Amino acid sequence: MSYPMEAGVGTAGVNVIDLRSDTVTRPDATLRRVMAEAVVGDDVYGDDPSVTALERAMADVIGTEAALFLPSGTQSNLAALLAHCGRGHEALVGRSYHIYSAEAAGASVLGGIALEPLAELPCGGIAPDTISRAVKPDDSHCPVTRLLCLENTTGGRAVPLATQQAALDAARAAGLVTHLDGARIFNAAQALGVTPARVAAGFDSVSVCLSKGLGAPAGSVLCGPAAFIRAARRWRKMLGGGMRQSGILAAAGHHVLTHHVADLAQDHARAEWLRSGLAQIDGLDVETAPGQTNMVWLRFAGLGAQDLAQAMLGQGVLIGPGEGSLRIVVHRDIDDAAISQTLAGFRAVFAA
Ligand SMILES: *Cc1c(COP(=O)(O)O)cnc(C)c1O
């Protein structure tokens, strides 16, 4: 896997169609006005009304008792793992999930928590027997298996609720607590045709990103019971995530939670348009597994991923190269014209 966001490609002020990630969305005039007008306090003292309002609103939407605003999804997952586990505990997590593959092993480095990567099902979930077999015996040689982390959506796929529930049941049977990395839980809910609270049901904690498809400039919210959130608040302080007039960011988060969730359906429709258009191109193999949301995964022979990404940049389309596959992410700054231009660009590259 490569991390194109670290490749140093600057796009500010350059007219490219940026399909690297749904994190690249920029606040529009309305969102900037909301931020400018936000009522703020000092959130470390607990008196920033915009932060408190966002936390209340997110707890209600996700269906938990309490919630906590953090600067990033990585810190939100980390605070959750630190609150659930102690040194020498073990967290089970899908091998490709963000917590295992893209958070610099923070839980291990800072928390002394062992991360055990598990094989995933084709749908992105984890089979119950994979979980049961990974739980260590009560033996002084072993870490104490404490937590199961799931992810939904994962790799752009919404994991079916029955699959998710079977994993939760296996975790519960083994006495584990459970955490959902719901960075894109609203995409999952949209694709599954259920409420976000339904996707979150059964977990002890849930982390939600505001800065992905919802389009806020920064921020994540960790949701769970009040006692857990109190513990996570102390970890957030320790991790340097206690912010002061963070109501400016929280107001943006609250705005997108209220006004942008419904737009995700359009991202999914445009991704589907792209998927079906790209499937017509000879030499491109488009992932069509069920549960697709706002991402398009391509495989192709011949041209290397780096070369294809470079050729597409020549067409005005920015895509991060992977290893033999390519991820395209549709988001709210991508309109119909951008999809047409992207398809035309791919056709031109593959006709050449
Ligand atoms: C983006 C993301 C996160 C958190 O990322 P940050 O960049 O730290 O906000 C966590 N999990 C998943 C699945 C993600 O996609």
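Since the structure is predicted, the reported quantities are computational estimates derived from the model, not experimental observations.

All right, on to the sheet that holds strand E10 (residues 295–300) then. Ordered by their spatial adjacency, 4 strands build an open sheet running E9-E10-E13-E12, and the pairing between neighbours is antiparallel. This sheet does not close on itself; its edge strands, each paired only once, are strand E9 (284–286) and strand E12 (320–321). Pairing analysis gives 3 bridges linking E9 to E10, with the strands arranged antiparallel. When the sheet's bridge partners are listed, Leu-284 is paired in E10 with Phe-300. In the packing of helix H12 (residues 264–279) onto the sheet, contacts are made with E9, E10 and strand E13 (325–329), and the angle to E10 comes to roughly 15 degrees.

This brings us to empty space enclosed by the protein. The full count for this structure, using the stated rule, is 2 cavities of 30 Å³ or more. The volume enclosed by the largest cavity comes to roughly 50 Å³. What lines the largest cavity is simply Tyr-97, Gly-125, Ile-126, Leu-150, Glu-151, Asn-152, Val-159, Thr-163, Gln-164 and Ala-167. Sorting the residues of the lining of the largest cavity by element identifies strand E5 (144–151) and helix H7 (161–173) as the ones contributing at least two each. Sorting elements by how many residues they give to the lining of the largest cavity places H7 first, with 3 residues. Class assignment of the residues belonging to the lining of the largest cavity gives a composition of 5 nonpolar, 4 polar and 1 charged. One number sums up the size of the second largest cavity: a volume of about 30 Å³. Along its surface, the second largest cavity is lined by Leu-161, Gln-164, Gln-165, Arg-198 and Ala-201. At 3 residues, H7 tops the list of elements feeding residues into the lining of the second largest cavity. Considering only residue class, the lining of the second largest cavity consists of 2 nonpolar, 2 polar and 1 charged.

Definitions and limits used
The numbers attached to residues start from 1 for each chain and follow its sequence in the written order. Selection of residues for local features in this predicted model requires a pLDDT of at least 70, selection of side-chain atom pairs for listing and counting requires 80 or more, and totals for whole chains, interfaces and linings are taken over all residues. Only hydrogens and water are set aside when side-chain values are computed; all heavy atoms of the structure are taken into account. Two strands qualify as a pair provided that DSSP identifies no fewer than 2 bridges between them. Think of it this way: any DSSP run of H or I at least four residues long counts as a helix, any run of E at least two long counts as a strand, and we number them from the N terminus. A contact between two residues is defined here by any heavy atoms of the two lying within 4.5 Å. Geometry is summarised by axes, namely lines fitted to C-alpha atoms with helices restricted to the contacting stretch, and by angles between N-to-C directions that run from 0 to 180 degrees. The pocket and cavity definitions rest on a 1 Å grid over protein atoms only: a 1.4 Å probe that fits but cannot leave marks a cavity, an open set with protein on both sides within 12 Å along at least five of seven lines marks a pocket, and residues lining either have an atom within 4 Å of a point. Grid points are joined across faces, edges and corners, and a volume is the space filled by probe spheres set on the points. Residues are grouped as follows: Ala, Val, Leu, Ile, Met, Phe, Trp, Tyr, Cys and Pro are nonpolar; Asp, Glu, Lys and Arg are charged; every other residue, Gly included, is polar.

Treat this as a map of the structure, not an account of what it does.
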